[in-house]
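Analysis of the macromolecular model
Now for the letters of each chain:
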Amino acid sequence: MDAAINAKLDPRTRGGWLLLGFALGGFFDGIVLHQILQWHHLLSGLADLGSDLRFQIMVDGLFHLFMYVLAVAGTMLLVAARAAGGRAGTTTEILRLALTGFGVWHLVDAIVFHWLLGLHRIKMNSDMPLAWDIAWLVIFGIVPLLLVLVLPTRGGPARGASAALTSIVLLAGLTTGAGPLFNGATTSVIVFRAGMEPAAMMQAVQAADTDLRWVDASGTIWAVDRVSWRGLMTLHARGALVVGTTPFIAGCLAWTDAAGASSLPSQQRGIPASL
């Protein structure tokens with residue numbers, strides 16, 4: 001048993017868990033920051049593109065696809081190592097490697113995407129964006145790397161390692177995702193599928209039991225009063241692609257207003273005032 005544990009870990013096993021940890025870091029940021037908290041999109045920092053919500057959502061999807069490819073690559077490395085008879089790794093080894101990948105993602109995100117390229121910041125409309133960048137980097141980048149240093153160098157077999165790693169990421173996501181419950185969100189932004197008739201979109205809004213605030217220049221992005229859970233399901237059932245609840249000023253979806261929120265009466269835009 002000791003000889004098996006002391007055997008050198010296959011490089012493919014190391015690479016596989018590092019890639020999976022890195023991909024989990026990307027998924028975590030994308031799901032929590034882009035979709036749950038809606039503090040930014042991947043390219044929110046690019047002024048010419050910041051108001052194009054459909055393009056931003058597409059780029060976010062491509063980002064998640066890239067992370068998915070990395071996760072698949074990591075899994076393939078682990079399968080190849082196992083097929084070659086390589087040692088699976090202990091619980092501690094797996095956690096150390098995965099946490100390293102998770103922390104490295106946040107280092108890359110902060111240094112390259114935030115500060116060198118300026119693609120986005122953690123909380124775009126904050127008065128202190130650097131403070132949010134640093135806080136996020138410390139909590140989800142530096143702390144996991146410090147955990148790697150304090151974890152013991154040896155551990156038992158890998159039973160439960162995947163469950164432990166998943167629990168850590170899930171707990172962090174649930175904790176951060178609770179943010180909208182406390183930030184006083186009062187507005188929901190709805191992105192309807194292209195080609196829908198204005199009357200059908202208005203019917204969906206009315207069925208969701210909410211009131212219209214404004215419509216963007218394309219006619220497919222609507223801001224309404226905050227939507228209930230029942231209203232959320234109703235809107236998706238009636239053709240909504242995205243329903244985002246976020247503070248109107250602080251949330252990234254506020255840039256849809258900059259794209260040309262209509263100040264004209266709804267009748268002048270072909271949207272019936274009542275149905």
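My aim in this report is to walk through the structure given alongside it, one point at a time. (Residues numbered from 1 in each chain as written. Predicted model: local features only at pLDDT ≥ 70, side-chain atom pairs only at ≥ 80, totals over all residues. Heavy atoms only, no water.)

Overview of the overall build of the chain
- For the chain, the helix and strand inventory stands at nine helices and four strands.
- Counting helices and strands in the order they occur from the N terminus, the chain gives α-α-α-α-α-α-β-α-β-β-α-β-α.
- Residue burial in the chain is summarised as follows: out of 275 residues, 45% are buried.
- About 13,700 Å² of surface is accessible on the chain, with carbon and sulfur atoms providing 67% of the total. (Helix = DSSP H or I, 4+ residues; strand = E, 2+ residues; numbered from the N terminus. Buried < 20%, exposed > 50% of the residue type's maximum accessible area, 1.4 Å probe, protein only. Areas by Shrake-Rupley, 256 points an atom, 1.4 Å probe, with all protein chains shown as cover.)

Details of helix α4 (residues 91-116)
- Over its 26 residues, α4 runs 36 Å from end to end, which matches the ideal 38 Å to within 8%, given 1.5 Å per residue.
- At the exit of α4 stands Gly118, carrying a positive phi of roughly 65 degrees. (Expected span 1.5 Å × (residues − 1).)

Details of unusual backbone geometry
- Even without being glycine, Gln38 reaches a positive phi, approximately 55 degrees.
- Looking at the element boundaries, Gln38 is found in the loop between α2 (11-36) and α3 (53-83).
- Given the relative accessible area of 7%, Gln38 is considered buried.
- Look at Asp209: it is not a glycine, yet its phi comes out positive at around 60 degrees.
- One can find Asp209 in the loop between α7 (198-207) and β2 (212-215).

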